[in-house]
Amino acid sequence: MTPAGDVVGRLRDAGLTVATGESLTGGLVSAALVDVPGSSRVVRGGLVAYVSELKAQLLGVDRVLLARGGAVQAEVAAQLATGAARVFGADCGLGTTGVAGPGPDEGHPAGTVFVAASLAGTVRVRRLRLSGTRPLVRRASTAAVLALLVGLLEDREQIASGRSWSR
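As a starting point, this report considers the structure included with it. For every chain, the first residue of the written sequence is number 1, and numbering continues from 1 onward in sequence order. Given that the model is predicted, a residue must reach a pLDDT of at least 70 before its local features are reported, and side-chain atom pairs must reach 80 or more before they are shown or counted; all residues, however, enter totals for whole chains, interfaces and linings. Calculation of side-chain values draws on the structure's entire complement of heavy atoms; hydrogens and water are dropped beforehand.

**With respect to the pattern of salt bridges**
Phase 1: A pair is scored as a salt bridge if a Lys or Arg side-chain nitrogen falls within 4 Å of a carboxyl oxygen belonging to Asp or Glu. Taken as a whole, this structure holds five salt bridges when the rule is applied.
Phase 2: Ionic pairing is found between Asp6 and Arg10, a salt bridge with its closest N-O pair at 2.9 Å. Linking Asp6 with Arg10, this pair stays in helix α1 (residues 3-14), spanning four residues, or about one helical turn.
Phase 3: Here's how the labels work: a residue is buried when its accessible area is under 20% of the maximum for its type, exposed when over 50%, partly exposed in between, all with a 1.4 Å probe on protein chains only. Owing to a relative accessible area of 22%, Asp6 belongs among the partly exposed residues under this scheme.
Phase 4: Asp13 is the salt-bridge partner of Arg12, the closest N and O atoms lying 3.7 Å from each other.
Phase 5: For Arg12, a relative accessible area of 38% corresponds to the partly exposed category. Think of it this way: any DSSP run of H or I at least four residues long counts as a helix, any run of E at least two long counts as a strand, and we number them from the N terminus.

**Some points on a nonpolar patch on the surface**
Phase 1: What goes into a patch is any residue over 30% in relative accessible area without a salt bridge, connected to like charges within 9 Å or, for nonpolar side chains (Val, Leu, Ile, Met, Phe, Trp, Tyr), within 5 Å. Shrake-Rupley sampling with a 1.4 Å probe provides the accessible areas, and residues are treated as covered by the protein chains on show and by no other component. On the surface, Val48, Tyr50 and Val51 cluster together into a nonpolar patch covering about 270 Å² of accessible area.
Phase 2: For Tyr50, a relative accessible area of 48% translates into the label partly exposed.

**So, helix α5 (residues 74-88)**
Phase 1: Helix span is expected to be 1.5 Å times the residue number reduced by one. An ideal rise of 1.5 Å per residue puts 21 Å on 15 residues; α5 measures up with 22 Å between its terminal C-alpha atoms.
Phase 2: Along α5, the residues that are buried comprise Val76, Ala77, Ala78, Gln79, Leu80, Ala81, Gly83, Ala84 and Ala85.
Phase 3: Buried-residue contacts for α5 involve β1 (18-22), α3 (52-59), α4 (63-69), β3 (92-98), β4 (112-119) and β5 (122-129).
Phase 4: Residue Gly89 follows α5 closely and has a positive phi angle near 65 degrees. The contact criterion used throughout is that any non-hydrogen atoms of two residues lie within 4.5 Å.

**Some thoughts on the nonpolar core**
Phase 1: Judged by nonpolar contacts, the single largest core of 30 residues is most densely connected at Leu11, Val18, Leu33, Leu94, Leu146 and Leu149.
Phase 2: Within the residue set of this core, elements represented by two or more residues are α1, α2 (28-34), β3, β4 and α6 (134-161).
Phase 3: With nine residues, the single largest contributor to this core is α6.
Phase 4: With residues up to four places along the chain from it excluded, the contact list for Leu11 reads Leu16, Thr17, Val18, Val42, Cys92 and Leu153.
Phase 5: The next biggest cluster of nonpolar side chains, apart from the first, holds 13 residues, and it includes Leu59, Ala71, Val76 and Ala90. Nonpolar cores are built from buried Ala, Val, Leu, Ile, Met, Phe, Trp, Tyr and Cys residues. Side-chain atoms within 4.5 Å join them into one set.

The structure is reproduced here in structure tokens:
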């Protein structure tokens, strides 16, 4: 099963929905999800906000945060995820921001990426330091954000089942 197939299956089984707020992935996360048969039951929508102005205007990313530190920050990824969930009325949100390359941007080297997933008030962010071509960085970022959501969903399943675990 693909990472997107795993996400769609888990969301469907849990009766949950997802939305995306993407920057560097430019719609790849949404495309991966909607490639899965049955995704229309769980995918609410997605928004590509490539410029900071639109991240703030459409997804509610804090303008001061963007002005002070630029778009390549953990908190921006978190706000993209929560903003997407809010805008589309979804249970889960996914956010991606970073530098796909080939060169640096905003003082960050190519391959600097932040991905975020939100679910029921919990937001997880992961920083990635990727190497390779621009398409490779974008694909790896897509896989990473989907894996982050799988982790949140697995934790939710563990709690719902009453099983305990340690990390």
